[in-house]
Amino acid sequence: QDRFGPTFVGVRGPVWWFAQWRLIKTLVLAVFVAALIDPNTNASLILALKIVDSVGLILFRPNADYKNFLQDLYKANVNLVTISAIYAFIADALSLEWFTNIFTVLSVLSIIPAFLASIFNPCNFAFGKFRRSMRKIYRTLGAVKPPVGQAVAATA
């Protein structure tokens with residue numbers, strides 16, 4: 001696994017194959033979009049791949065980091081709903097007005113994780129720097145907390 005480097009970054013060891021599934025899924029999606037003429041067949045195959053991907057994410061939880069797992073699951077489900085809306089529009093089950101409204105809402109929903117990450121990651125980084133600086137100051141000044149469970153001797 002180590003010789004493939006970035007392909008397996010962030011994937012847990014027992015489900016190393018999920019990184020290859022992601023590559024194959026992307027390749028197959030590109031071929032379907034480019035090669036298939038019939039929009040119903042195209043949408044059905046893409047929808048089936050998205051369902052398999054979402055179910056695989058839930059069953060195997062391939063990400064080593066839980067935050068990345070939640071982001072991937074959120075993204076996969078927003079993509080699944082988007083493809084479902086496109087398929088419903090192609091099948092004339094959705095009017096253009098409803099499709100436009102759904103697509104607008106899904107577009108906003110898809111950028112929320114990136115927006116939140118752009119706000120919270122710098123704050124988390126700054127808070128971590130502040131906390132490390134405060135620890136260094138406390139150590140320098142000798143203001144070390146007593147070990148947990150030991151009472152501090154009271155002076156009367």
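See the structure printed just above.
The shown structure was predicted, so the numbers you read here are calculated from the model rather than taken from an experiment. (Residues numbered from 1 in each chain as written. Predicted model: local features only at pLDDT ≥ 70, side-chain atom pairs only at ≥ 80, totals over all residues. Heavy atoms only, no water.)

Asker: Kindly report on the packing of aromatic side chains, identifying the contributing residues and their values.
Answerer: What the rule picks out here adds up to five aromatic pairs. Residues Phe 89 and Phe 99 carry aromatic rings whose centres are separated by 4.5 Å and whose planes lie at 20 degrees to one another, so their mutual orientation is stacked. With Phe 89 in helix H3 (residues 66-90) and Phe 99 in helix H4 (residues 96-141), this residue pair connects regions lying 10 residues apart in the sequence. A relative accessible area of 30% places Phe 89 in the partly exposed class. Joined through ring pairs, the aromatic side chains of Trp 17, Phe 18 and Phe 60 make up one cluster. Cation over ring: Arg 61 sits above Phe 69, and NZ or CZ is 5.7 Å from the ring centre. (Phe/Tyr/Trp six-rings, centres within 6.5 Å; stacked < 30°, edge-to-face > 60°. Helix = DSSP H or I, 4+ residues; strand = E, 2+ residues; numbered from the N terminus. Buried < 20%, exposed > 50% of the residue type's maximum accessible area, 1.4 Å probe, protein only. Lys NZ or Arg CZ within 6 Å of the ring centre and 35° of its normal.)

Asker: Break down the packing of helix H1 (residues 17-35) against helix H2 (residues 39-60) for me, citing the residues and quoting the values.
Answerer: Between H1 and H2, whose axes approach to 10 Å, the crossing angle comes to 170 degrees. Taken together, the axis directions place H1 and H2 in an arrangement best described as roughly antiparallel. For H1 against H2, the interelement crossing comes out left-handed. On the side of H1, the interface is formed by Trp 17, Phe 18, Trp 21, Arg 22, Lys 25, Val 28, Leu 29, Phe 32 and Val 33, while H2 contributes Asn 42, Leu 45, Ile 46, Leu 49, Lys 50, Val 52, Asp 53, Gly 56, Leu 57 and Phe 60. Looking at side-chain class alone, the contact of H1 with H2 contains 13 nonpolar, two polar and four charged residues. (Axes fitted to C-alpha atoms, helices over the stretch in contact; angles between N-to-C directions. Parallel < 35°, antiparallel > 145°, perpendicular 65-115°, else oblique. Left-handed = near helix turned anticlockwise from the far one by under 90°. Contact = heavy atoms within 4.5 Å. Nonpolar A, V, L, I, M, F, W, Y, C, P; charged D, E, K, R; others polar.)

Asker: Give me the lowdown on H1, citing residues and values where you can.
Answerer: An ideal rise of 1.5 Å per residue puts 27 Å on 19 residues; H1 measures up with 26 Å between its terminal C-alpha atoms. Among the residues of H1, those classed as buried are Phe 18, Ala 19, Lys 25, Leu 29 and Phe 32. Across the axial projection of H1, the buried residues extend over an arc of 150 degrees, all falling on one side. Seen from the open side of H1, the exposed residues pointing more than 90 degrees away from its buried face are Leu 23, Leu 27 and Ala 34. For H1, the secondary structure elements touched by its buried residues are H2. (Expected span 1.5 Å × (residues − 1). Arc of directions from axis to C-beta.)

Asker: Describe the packing of H2 against H3, naming the residues involved and giving the relevant values.
Answerer: Interaxial distance between H2 and H3 falls to 9 Å at its minimum, and their mutual angle equals 160 degrees. With respect to H3, the element H2 is oriented roughly antiparallel. Read as a crossing pair, H2 and H3 show a hand that is left-handed. Two secondary-structure elements touch here, H2 through Pro 39, Asn 40, Ala 43, Ser 44, Ile 46, Leu 47, Lys 50, Ile 51, Asp 53, Ser 54, Leu 57 and Ile 58 and H3 through Phe 69, Asp 72, Leu 73, Ala 76, Asn 77, Asn 79, Leu 80, Ile 83, Ser 84, Tyr 87 and Ile 90.

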